[in-house]
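Below are the chains, spelled out letter by letter.
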Amino acid sequence: MSADRSPGFLLWRATQRWQREISVALQVVGLSHTQFALLVDLWWFDHQGRPPTPRELADHATVDEMMTSQVIRVLEVKGLVTREDGPGEERRRVLAITDEGRLLAERAAALVEAVDERIFGMAGEHSALLDVLAELAGQTGEEPGPHRDRALHAESDADG
């Protein structure tokens, strides 16, 4: 089989193109791809009324815990995220998104969705490609999240 017909090679090339275009789009709002992923996941937790611990955020975003810690510090300095005492007696620290963080997450999500539409729009919203990618990503039967639940963006648009 030639490389141009290898599913793994094509997936790798498509992923590289997608990542490059996402990085360029996110430069407009001053976020790296990892900063975006963590911020938008925190935004999703915020919509659920569930302030996560840094570990919960890392697990949900599928980002290494040490990398998450470093990125959270950067997002704190930017005024997008805060750490707070969590509810209950265990006094664990949880993360909260600031108003500025919510606005930036919404704006960045729209930029990422535009890239997704430009690159993957040809597949259609209910395509076999999306089903296969979800299966490959191990997302069958998972709880919805910011990358899997487009309703979050629509809900934010309705909120104004």
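Residues numbered from 1 in each chain as written. Predicted model: local features only at pLDDT ≥ 70, side-chain atom pairs only at ≥ 80, totals over all residues. Heavy atoms only, no water.

### Here's the deal with the packing of aromatic side chains
(1) Moving on: One pass over the structure, following the stated rule, counts two aromatic pairs.
(2) Moving on: With 6.2 Å between their ring centres and 35° between their planes, F9 and W12 make a pair best called tilted. Remark: W12 and F9 occur in helix α1 (residues 7–27); sequence separation between them is three residues, near one turn of the helix.
(3) Moving on: When its relative accessible area of 29% is taken as the criterion, F9 is described as partly exposed. (Phe/Tyr/Trp six-rings, centres within 6.5 Å; stacked < 30°, edge-to-face > 60°. Helix = DSSP H or I, 4+ residues; strand = E, 2+ residues; numbered from the N terminus. Buried < 20%, exposed > 50% of the residue type's maximum accessible area, 1.4 Å probe, protein only.)

### Brief notes about the confidence of the model for the protein chain
(1) Moving on: Of the residues in the protein chain, 84% reach a pLDDT of 70 or more, and the chain-wide mean stands at 85.
(2) Moving on: Counted against residues more than four places away or in other chains, residues 148–160, with its pLDDT under 50, gives 20 contacts. (pLDDT = per-residue confidence, 0-100. Contact = heavy atoms within 4.5 Å.)

### Overview of the packing of helix α3 (residues 54–61) against helix α4 (residues 65–77)
(1) Moving on: In the contact formed by α3 and α4, the axes pass within 9 Å of each other and the chain directions differ by 115°. The angle between the axes of α3 and α4 places the two elements in the roughly perpendicular class. Every pair of crossing elements has a handedness; the one defined by α3 and α4 is right-handed. Where α3 approaches α4, its residues P54, R55, L57 and A58 are matched on the opposing element by E65, T68 and I72.
(2) Moving on: Among the residues forming the contact of α3 with α4, the class breakdown is four nonpolar, one polar and two charged. (Axes fitted to C-alpha atoms, helices over the stretch in contact; angles between N-to-C directions. Parallel < 35°, antiparallel > 145°, perpendicular 65-115°, else oblique. Left-handed = near helix turned anticlockwise from the far one by under 90°. Nonpolar A, V, L, I, M, F, W, Y, C, P; charged D, E, K, R; others polar.)

### Quick word on the nonpolar core
(1) Moving on: L31, F36, L39, L75 and V81 are the most contacted members of the largest nonpolar core, which totals 30 residues.
(2) Moving on: If you list the elements that add at least two residues to this core, you get α1, α2 (33–48), α3, α4, β2 (93–97) and α5 (99–120). (Core = buried A, V, L, I, M, F, W, Y, C linked by side-chain atoms within 4.5 Å.)

### What about α1?
(1) Moving on: In this model α1 runs 30 Å from its N-terminal to its C-terminal C-alpha over 21 residues, within 8% of the 30 Å that 1.5 Å per residue would give.
(2) Moving on: Buried within α1 are the following residues: I22, A25 and L26. Projection of α1 onto a plane perpendicular to its axis shows the buried side chains occupying an angular sector of 85°, all on one side. Exposed side of α1, more than 90 degrees from the buried face: R20, V24 and Q27 are the residues found there.
(3) Moving on: Tucked inside the fold, the buried residues of α1 contact α2 and α5. (Expected span 1.5 Å × (residues − 1). Arc of directions from axis to C-beta.)

### Brief notes about unusual backbone geometry
(1) Moving on: With phi around 55°, T62 is a residue other than glycine that occupies positive phi space.
(2) Moving on: Within the secondary structure, T62 sits in the loop between α3 and α4.

### Topic: the pattern of salt bridges
Opposite charge on two side chains makes pairing possible when the charged atoms of those side chains draw close.
(1) Moving on: This structure, assessed with the given rule, holds eight salt bridges.
(2) Moving on: The shortest N-O distance in the salt bridge between R118 and E21 comes to 3.0 Å. Highlighted residues: R118 in helix α5 and E21 in helix α1, separated in sequence by 97 residues. (Salt bridge = Lys/Arg side-chain N within 4 Å of Asp/Glu carboxyl O.)

### A short note on a nonpolar patch on the surface
(1) Moving on: A cluster of nonpolar residues, L11, V132 and L136, forms a patch on the protein surface that exposes about 280 Å² of accessible area.
(2) Moving on: As for its position among the elements, L136 is in helix α6 (residues 128–136).
(3) Moving on: For L136, a relative accessible area of 61% puts it in the exposed group. (Patch = residues over 30% accessible without salt bridge, like charges linked within 9 Å, V, L, I, M, F, W, Y side chains within 5 Å. Areas by Shrake-Rupley, 256 points an atom, 1.4 Å probe, with all protein chains shown as cover.)

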